[in-house]
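Fold and contact review
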Amino acid sequence: MRVVTTAQPLDVQPTPLALLLLGREADPKSERGVECPGDLPSPSDPNLVARARAAKEKLGDKVFILGHHYQRDEVIEFADVTGDSFKLAKDAAARPEAEYIVFCGVHFMAESADILTSDDQKVVLPDLAAGCSMADMATAEQVAECWDVLTEAGIAGTTVPVSYMNSSADIKAFTGKHGGTICTSSNAKTALEWAFEQGEKVLFLPDQHLGRNTAVRDMGMSLDDCVLYNPHKPNGGLTVEQLRNAKMILWRGHCSVHGRFSVDSVNDVRARIPGVNVLVHPECKHEVVAAADYVGSTEYIIKALEAAPAGSKWAIGTELNLVRRLANRFAAQDKEVVFLDKTVCFCSTMNRIDLPHLVWTLESLAEGNLVNQIQVDKETESFAKLALERMLAL
């Protein structure tokens, strides 16, 4: 703990939590994209809910609001549909009459919606700073350089890129241009099976953990079949021999929230709650997935709790907004749902979409002012859509 000293000693010493909230200390396990600890602040304007309702009513069928599962409750309240990123993008494409698609999520999700919707529809992100640290870990320049490394190693011709949905439009376009496909956390195994029918190796972008967990846990590969490509090191930090021997070339990227969960978290919750079922997202580290009882996507987590018997106990390893919502939903059914980590953690970039930003967006649109439109250029859209269509065909 840092103690503040002056010529006149202070009567009160700030606590570690106070220092953390003041930005003068850091949680050693946190990183960009994670906000810890504490509750999210409530909107200061008590009229925001009424203003949001009024603006949405004025817009009518012209607006369609998408709410990702990880959003705040105050935002989810106004969503026309909720879901994961790909489901929401498809939902938007299925509503051609909606002139405005307001995506309450993060940037790459809004890009996917723009790719899949018509040219007449405008996709809007309430806060342009709502990004994704995982998606930012793979830039177009870095991936192009990686492909040059694979080419020089003589393996690019037998390597198929598979990119997670949680990637930028540029990375999706690279994937489409080089014969690859997109995957979600639900269909990653199917996508990898398809990829290995096309080639001998897979370049998996940008989440190393989903790639490793799918290859080893679901497809029976060994950890030795996987190598980690670090874009910040020459040749990815790998030798030509390592690249040639590998089946899975994993990009050094990860989810800042899911990456926090540890085996210690699993052991601790088992000790605190006898008989608890540990259910984690496949973006978690391999050792956490191996220690869990169940592993699955966001939609899988929701369905598992829906089907769970009364009286069962669950520790969930995914974003806290969703876990809290599920805990409240299933409490009446005598199902105990807790967050896997003892430290409170939100995805801070996802939580940039708050009620004030949503109200500003809806009121602007209602007044005829288009704000924060997300547009993917036509060439990028063409190749990205090709990769997405390959996934849909699986």
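The preceding data block contains the structure.
Our subject in this report is the structure included herewith. (Residues numbered from 1 in each chain as written. Predicted model: local features only at pLDDT ≥ 70, side-chain atom pairs only at ≥ 80, totals over all residues. Heavy atoms only, no water.)

So, the nonpolar core
- Ranked by size, the top nonpolar core spans 104 residues in total, and within it Val102, Phe204, Met248 and Val280 carry the most contacts.
- With 6 residues, the top contributor of residues to this core is helix 16 (residues 355-366).
- Every residue in contact with methionine 248, bar those within four places of it in the chain, is listed here: Leu192, Phe196, Val202, Phe204, Gly211, Ala215, Met221, Asp225, Cys226 and Val227. (Core = buried A, V, L, I, M, F, W, Y, C linked by side-chain atoms within 4.5 Å. Buried < 20%, exposed > 50% of the residue type's maximum accessible area, 1.4 Å probe, protein only. Helix = DSSP H or I, 4+ residues; strand = E, 2+ residues; numbered from the N terminus. Contact = heavy atoms within 4.5 Å.)

A short note on helix 17 (residues 378-393)
- For helix 17, which comprises 16 residues, the first-to-last C-alpha distance of 22 Å matches the rise-based estimate of 22 Å (1.5 Å per residue) to within 8%.
- By the burial criterion, the buried members of helix 17 are Thr380, Glu381, Ala384, Ala387, Leu388 and Met391. One face of helix 17 carries all of its buried residues, which in axial projection span an arc of 130°. Within helix 17, the exposed residues directed more than 90 degrees away from the buried face are Lys378, Glu379 and Ala393.
- On its buried side, helix 17 packs onto helix 4 (85-93), helix 5 (107-116), helix 8 (169-177) and strand 7 (181-183).
- Its side-chain oxygen at 3.3 Å from the backbone nitrogen of glutamate 379, aspartate 377 defines the N-terminal cap of helix 17. (Expected span 1.5 Å × (residues − 1). Arc of directions from axis to C-beta. Polar contact = N/O pair within 3.5 Å; in protein donor to acceptor, adjacent residues only side chain to side chain.)

Comments concerning the sheet that holds strand 2 (residues 63-68)
- Pairing within the open sheet is parallel, and its 4 strands lie in the order 3-2-4-5. Strands at the two margins of the open sheet, each flanked by one partner only, are strand 3 (81-83) and strand 5 (122-124). On average, each strand axis in the sheet is tilted by 25° relative to the strand beside it, whichever way the strands run. (Pairing = 2+ DSSP bridges. Axes fitted to C-alpha atoms, helices over the stretch in contact; angles between N-to-C directions.)

Overview of the side chain of asparagine 321
- Secondary-structure assignment places asparagine 321 in helix 15 (residues 320-330).
- In terms of polar contacts, asparagine 321 uses its side chain to reach the side chain of asparagine 351, at 2.9 Å.

Points about the pattern of salt bridges
- As enumerated under the stated definition, the model contains 16 salt bridges in all.
- Put simply, aspartate 73 and arginine 325 hold a salt bridge, and the shortest N to O gap is 2.7 Å. A residue pair is termed long-range when its members are at least 10 positions apart, and aspartate 73 in helix 3 (residues 73-76) and arginine 325 in helix 15 qualify at 252 residues.
- On the basis of relative accessible area, aspartate 73 is assigned to the partly exposed category, the value being 42%. (Salt bridge = Lys/Arg side-chain N within 4 Å of Asp/Glu carboxyl O.)

So, the pairing of strand 11 (residues 277-280)
- Of the two faces of strand 11, the one carrying Asn277 and Leu279 and the one carrying Val278 and Val280 are both buried.
- Where strand 11 meets strand 13 (residues 313-317), 4 bridges bridge the pair, whose relative direction is parallel. Of the residues in strand 13, the one forming a bridge with valine 280 is glycine 317.
- Note that strand 11 and strand 12 (residues 294-295) share 2 bridges and pair parallel. Looking at strand 12, one finds that leucine 279 is bridged to tyrosine 294.

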